[in-house]
Amino acid sequence: MAITDRQTAALALTQALSAAERGLPVIPLTARKLPALPSPHRNDDRGPACRGACGLPGHGVHDATTDPAAVRALFAAAPWATGYGIACGRPPHHLIGIDLDVDPTGGGDSAVSLRRLALHHLFTIPPTVTVLTPSGGRHLWLTGPPGIPVPNSASRLAPGIDIRGTGGYLVGPGSVTRHGRYRLAPGTAGLPPAPCPRALLRLLTPPARRRHSVEDPDPDRGQGLVRFVLAAREGGRNTRLFWAACRAYEHGYGDALADALTRAAVRTGLTEREARATIASAARLFRC
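Reading guide: rules and limits
Residues numbered from 1 in each chain as written. Predicted model: local features only at pLDDT ≥ 70, side-chain atom pairs only at ≥ 80, totals over all residues. Heavy atoms only, no water. Helix = DSSP H or I, 4+ residues; strand = E, 2+ residues; numbered from the N terminus. Buried < 20%, exposed > 50% of the residue type's maximum accessible area, 1.4 Å probe, protein only. Contact = heavy atoms within 4.5 Å. Areas by Shrake-Rupley, 256 points an atom, 1.4 Å probe, with all protein chains shown as cover. Pairing = 2+ DSSP bridges.

*Asks:* Go over the overall build of the chain with me, naming the residues and quoting the values.
*Replies:* The helix and strand tally for the chain stands at eight helices and 12 strands. Classification of the 288 residues of the chain by burial places 46% in the buried group. If you take every contact in the chain between residues at least 6 apart in sequence, the share linking residues at least 24 apart comes to 74%. Carbon and sulfur atoms form 54% of the exposed surface of the chain, whose accessible area is close to 15,000 Å².

Right under this line is the structure:
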């Protein structure tokens, strides 16, 4: 490992320990913003997914911890980590992340969309921790009440606004990715995460909806999403695939459509490995 790599990994650990000290559960991340430790069950197709009950590391956000010794052990097992993730929905903060993309699929400005929602539903976003992303987007940190899990979603609230809730995670400030470093916005470093406005919380926790069974016999289900991926052009292929996969998992047939989406993405020029990784990222958003 080069000196620069070691310095990046050491800085990531230091920042993760600082976050853990403030009660924020953390995990190591790679430069692709994915959990750095591989699953110990990646070759085991038997039974339901393990969420850490086996006691081994490699369960993504379920590894997140505030214990300094455990944090050091996770990073020691992943010396290639360049950043850290902060688990949302966990006590004591019950963090909710509002992810504002700079150029969402379908066009428009996500920050403007959030202001319109606030005006329409009569709430304001209080001053809070704000993290600037390398792409020019922003992550707003809010806290939720105990006992009210906020689901993860992608562009459900409005185009370009993704929500990180229970089972999701935010990239911590100071993390280094392939596209640059995540940084705290000026003037927000000393702020605590602000409580989520009640009107916004109601938008983030919609009534339970019927989920379609993955055994649904309709062979045409999801074909519109496949066609959407097939229409992608260079520069937008991964974004379209991620959006389509999110919609499929949101409606309950993501696993059933994963192979078809993968084949469509490969036809547009992505490799199968890239396509599978993108679909897996979408799946993690909807598996709390």
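*Asks:* Quick rundown of the pairing of strand 5 (residues 138-143)? Include the residues and the values.
*Replies:* With five of its six residues buried, strand 5 lies for the most part within the structure. Looking at chain direction, strand 3 (residues 95-100) and strand 5 are connected through six bridges and run antiparallel. Its bridge partner being in strand 5, Leu-100 is matched across the sheet by Arg-138. Inspection of the sheet shows strand 4 (residues 130-132) paired to strand 5 by three bridges, in the antiparallel sense. Each residue of the ladder has a partner; that of Leu-132, found in strand 5, is Arg-138. Hairpin connection between strand 4 and strand 5: a loop of five residues separates the two successive antiparallel strands, and Gly-136 in this loop has a positive phi of roughly 105°. Direction of pairing for strand 5 relative to strand 12 (residues 194-195): parallel, over a ladder of two bridges. Bridge pairing links Thr-143 to Pro-195 in strand 12.

*Asks:* Can you lay out unusual backbone geometry for me, pointing to particular residues and giving the numbers?
*Replies:* For the peptide bond that leads from Pro-91 to Pro-92, omega is 5°, which places it in the cis range. Structurally, Pro-92 is set in the loop between strand 2 (83-87) and strand 3. The backbone of His-94 shows a phi angle near 50°, a positive value even though the residue is not glycine. Mapped onto the elements of the fold, His-94 is located in the loop between strand 2 and strand 3. For His-94, a relative accessible area of 17% puts it in the buried group. With a phi close to 60°, Ser-155 is a non-glycine residue in the positive phi region. Within the secondary structure, Ser-155 is located in strand 6 (residues 153-158).

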